[in-house]
Protein chains: 2
Amino acid sequence: MAIVDTGAFLRDLNELRQIGKFKTGVHRPTYSPQDMESRRWLMAKLAECGLDASMDGIGNVFGRHRGTGPHILSGSHIESQNEAGWLDGALGVVGALALARVGLPVDVCAFADEEGHFSIGFPGSRSIVGDLSDAEMDGAKDRTTGTPMREALAKAGLAGVPRMALEEGRYKGFFEMHIEQGTQLERAGLRLGVVTGIVAIWQFRIVIEGQQDHAGGTTMAERRDAGLAAVRLLAAVDAAFPLLCGERTVWTTGRITLDPNAPSIIPGRAEVLFQFRDIEMDVLERLQGALKRLVQESNRRERCVARIEALRLDTPALCDPAMIAALEGAAQALAPGAWVKMPSGAGHDAQIIAQKLPVVMLFVPSIGGISHHWAEDTKEDDLALGVSVLGEAAQRFLAG
Amino acid sequence: MAIVDTGAFLRDLNELRQIGKFKTGVHRPTYSPQDMESRRWLMAKLAECGLDASMDGIGNVFGRHRGTGPHILSGSHIESQNEAGWLDGALGVVGALALARVGLPVDVCAFADEEGHFSIGFPGSRSIVGDLSDAEMDGAKDRTTGTPMREALAKAGLAGVPRMALEEGRYKGFFEMHIEQGTQLERAGLRLGVVTGIVAIWQFRIVIEGQQDHAGGTTMAERRDAGLAAVRLLAAVDAAFPLLCGERTVWTTGRITLDPNAPSIIPGRAEVLFQFRDIEMDVLERLQGALKRLVQESNRRERCVARIEALRLDTPALCDPAMIAALEGAAQALAPGAWVKMPSGAGHDAQIIAQKLPVVMLFVPSIGGISHHWAEDTKEDDLALGVSVLGEAAQRFLAG
């Protein structure tokens, strides 16, 4: 069995870290000069490892193995959040490269804009599975600068370049290695997470309309306080969800916006962004039902009117049992007792690729759980163990 | 008994309305050219009514009655909120002018910046009662433009002009007529409110510190969600306050700020501006005690740390019983059954003057409760009734 060259892997990772370096992290927003430099760097590395390297019209970098199959696909993304970490995305790309370097039958992909700099989610992986229209690209804009995606692509030299599609029947499955971006492994003293699935995010906007009034001149009986109605609704949701959720469900009120949000004015309007995540469809549906009933109950009790709107109802992406088993076997062989099965609470390209292929993910610990920040890091030993387990698992799966 | 000339009163009001006219309202920010024009207009009117008119170093316009006492003081403010109503403040000033016009022994005052364009509260009335230091003025800035108050005063021609103080022993009391700025009179079909006191505002900042984390990667058990702790605390406050409040207490959460306020990030910090208002000190103190205990309880239950800081603990200003009785008698004589005793939920110069003199206020209805908006208005009949009752009450009180 081929053994991954962890020294070359770490050298590649550290070389990539120099491109767009920011403090101990990197700044490589999608299609920026730094990002394009990293894509060209990857193409050269892929060629060095004997793959046919190309970049398509959405910026996906692809390395095609020249030999016979069965093949696996592996990779992640190479752009970063702004002034963020060196491993998020890069780890999965360079990990896949390490498999190619030792001759495994792997195609390597760096999917464009997993980090969502542009206003449409997962354009790179969605494009390669045939789930991204030209019209959607025409409407996409950079969330920070407002630059149209078409303009950014043209500036990056990608105008008119065709977009590639996955070759049907070529792959047995897709492996993505990634940092955990949480503290579950670290807190439990574990070194690897075998991902059972990628949770779906169900995101809602709740708008509550009341009546803006003077906080001195309006008696309690007269008020229609939208902020208070929001507070009571959110407290009720948090009381109900623990009775209805799954073992690993999470729910979050990330944003509350009161209007006008002034000390002496009764809020006339409140807007809440609330989401929950789970890996099981029936849990997601049960919680959505409860949320709708709680809004209905709010409208029975309160003198404000609450409306709920679903912004996003993803489908959970379950990982492939045979791929999970391959990772479990490899993890147990190289790090006995130091791994755990866990869902991914964050979104990843693997959930998109799951539309076409069996997928699995492997997590390595994030020091202090830090991610989307330049201080993001992982112990070198954990990185090396991760890529070794990835290589071992890929071979077990291909042989299975 | 002298009868107020309601025709002249309405003409004066409408003349003043032309200065800084904005739609059906006015725009006269403190010390603006429009505001200074209104102050000079008032001085001319005061002189026309036989008073000695002056303007002092903070912009207070004063009209001194030349005859013997006992005297009353009456007035309000003449500047407006930005693009706001024509009656807020102006009504009380022109009402006082109407009393002077028929020869009543009244000194008329327009206190500067009751509307708080500058960063210190009630500078005009505080100055005249000796509660405003030069140092405080030195530090005051326009909240909108940042212009130092000293610079604005110099531009208005008031640099180096001395500030006046109320003459000790001269006044029996202070009357302020004002629009209600609420809907209590209108909803009850009443035409006059005899103000029993001006509530105190007790304003608090509650800061809750948790831990900012990824909404996907962080399990419910690991979280320290500052937004959720704020929601639960505010729901508990709203459940407790009805059991502890007074008959007319009001409490308001005007502002909630989550940090970073993003859909997929667990809030690491929440800041809440919470206030309550009442006319009775023991109610205020009881509620403050409860609020502190609820924060303490939050810190026992939650994994976030809440701190509370009092931003403002005003003293309620009770109106003078003899002055209230004079207004009640006048209201019952001129509008039997069409008046009510009520507290003022908003702050007014009268609460500052109450440090030195017995005070009372008279409210007339606000159409639709609208105020601090150019659409603010009151029926002409109600304005005329208000000033007639003011004149009648002043004479009853002087004779009492």
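Scoring rules and cut-offs
- Residues numbered from 1 in each chain as written.
- Chains lettered and ligands numbered in written order.
- Predicted model: local features only at pLDDT ≥ 70, side-chain atom pairs only at ≥ 80, totals over all residues.
- Contact = placed C-beta atoms within 7 Å.
- Helix = DSSP H or I, 4+ residues; strand = E, 2+ residues; numbered from the N terminus.
- Nonpolar A, V, L, I, M, F, W, Y, C, P; charged D, E, K, R; others polar.
- Axes fitted to C-alpha atoms, helices over the stretch in contact; angles between N-to-C directions.
- Parallel < 35°, antiparallel > 145°, perpendicular 65-115°, else oblique.
- Left-handed = near helix turned anticlockwise from the far one by under 90°.
- Expected span 1.5 Å × (residues − 1).
- Buried ≥ 20, exposed ≤ 12 C-beta atoms within 10 Å, placed from the backbone.
- Arc of directions from axis to C-beta.
- Least-squares fit on C-alpha atoms with pLDDT ≥ 70 in both.

A.B. asks: It is not clear to me how the interface of chain A and chain B should be interpreted in this structure. Could you clarify?
C.D. replies: Interface size is often expressed as the accessible area that is lost when the parts come together. At the junction of the two partners, chain A supplies 44 residues and chain B supplies 45 residues. When residues of the side of chain A that touches chain B are traced back to their parent elements, those giving at least two are helix 8 (226-244), strand 11 (250-259), strand 12 (265-266) and strand 13 (269-278) of chain A. Tallied by class, the residues present in the side of chain A that touches chain B amount to 17 nonpolar, 20 polar and 7 charged.

A.B. asks: Explain the packing of helix 10 (residues 321-334) of chain A against helix 12 (residues 380-399) of chain A here, please?
C.D. replies: When two helices pack together, their arrangement is given by the angle between the helix axes and by the axis-to-axis distance. All names here are of chain A. At a closest axis distance of 8 Å, the pairing of helix 10 and helix 12 adopts a crossing angle of 130°. For the element pair helix 10 / helix 12, the angle class is oblique. Crossing of helix 10 over helix 12 shows right-handed handedness. Along the contact surface, helix 10 presents Ala-322, Met-323, Ala-326, Leu-327, Gly-329, Ala-330, Ala-331, Ala-333 and Leu-334, while helix 12 presents Leu-385, Ser-388, Val-389, Glu-392, Ala-393, Arg-396 and Phe-397. Here the contact of helix 10 with helix 12 is composed, by residue class, of 12 nonpolar, 2 polar and 2 charged.

A.B. asks: Help me out: how do you make sense of helix 9 (residues 281-301) of chain A in this one?
C.D. replies: Every α-helical turn comprises 3.6 residues, leaving residues that sit three or four positions apart pointing alike. Residues and elements named next belong to chain A. Given a rise of 1.5 Å per residue, 21 residues ought to cover 30 Å, and the 30 Å separating the end C-alpha atoms of helix 9 matches this to within 8%. For helix 9, every residue scored as buried is listed here: Val-283, Leu-284, Leu-287, Leu-291, Leu-294, Val-295 and Ser-298. Buried residues of helix 9, viewed axially, fall in a sector of 110°; they line one side. Counted as exposed and oriented over 90 degrees from the buried face of helix 9: Met-281, Asp-282, Gly-289, Arg-293, Gln-296 and Arg-300. As for helix 9, its buried residues are in contact with strand 9 (200-209), helix 8, strand 13 and strand 14 (305-313).

A.B. asks: I tried to follow helix 8 of chain A on my own but got confused; where do I start?
C.D. replies: Relative to the 27 Å expected for 19 residues at 1.5 Å per residue, helix 8 of chain A spans 27 Å between its end C-alpha atoms, a close match to the ideal helical length. Listed in full, the buried residues belonging to helix 8 of chain A are Ala-226, Gly-227, Leu-228, Ala-229, Ala-230, Val-231, Arg-232, Leu-233, Leu-234 and Val-237 of chain A.

A.B. asks: Just checking my understanding: could you explain the relation of the copies chain A and chain B for this structure?
C.D. replies: One chain copy maps onto the other through a rotation about an axis and a shift parallel to that axis. Mapping chain A onto chain B calls for a rotation angle of 180° and an axial translation of 0.2 Å; the resulting RMSD is 0.2 Å. Such values leave the two copies arranged in the relation of a two-fold axis. Residue Val-231 of chain A, judged by its C-alpha, is the member of chain A lying nearest the rotation axis, at 2.6 Å. Looking at chain A, 100% of its interface residues are interface residues in chain B too, so the copies touch through the same face.

Keep in mind these numbers describe shape, not what the thing actually does.
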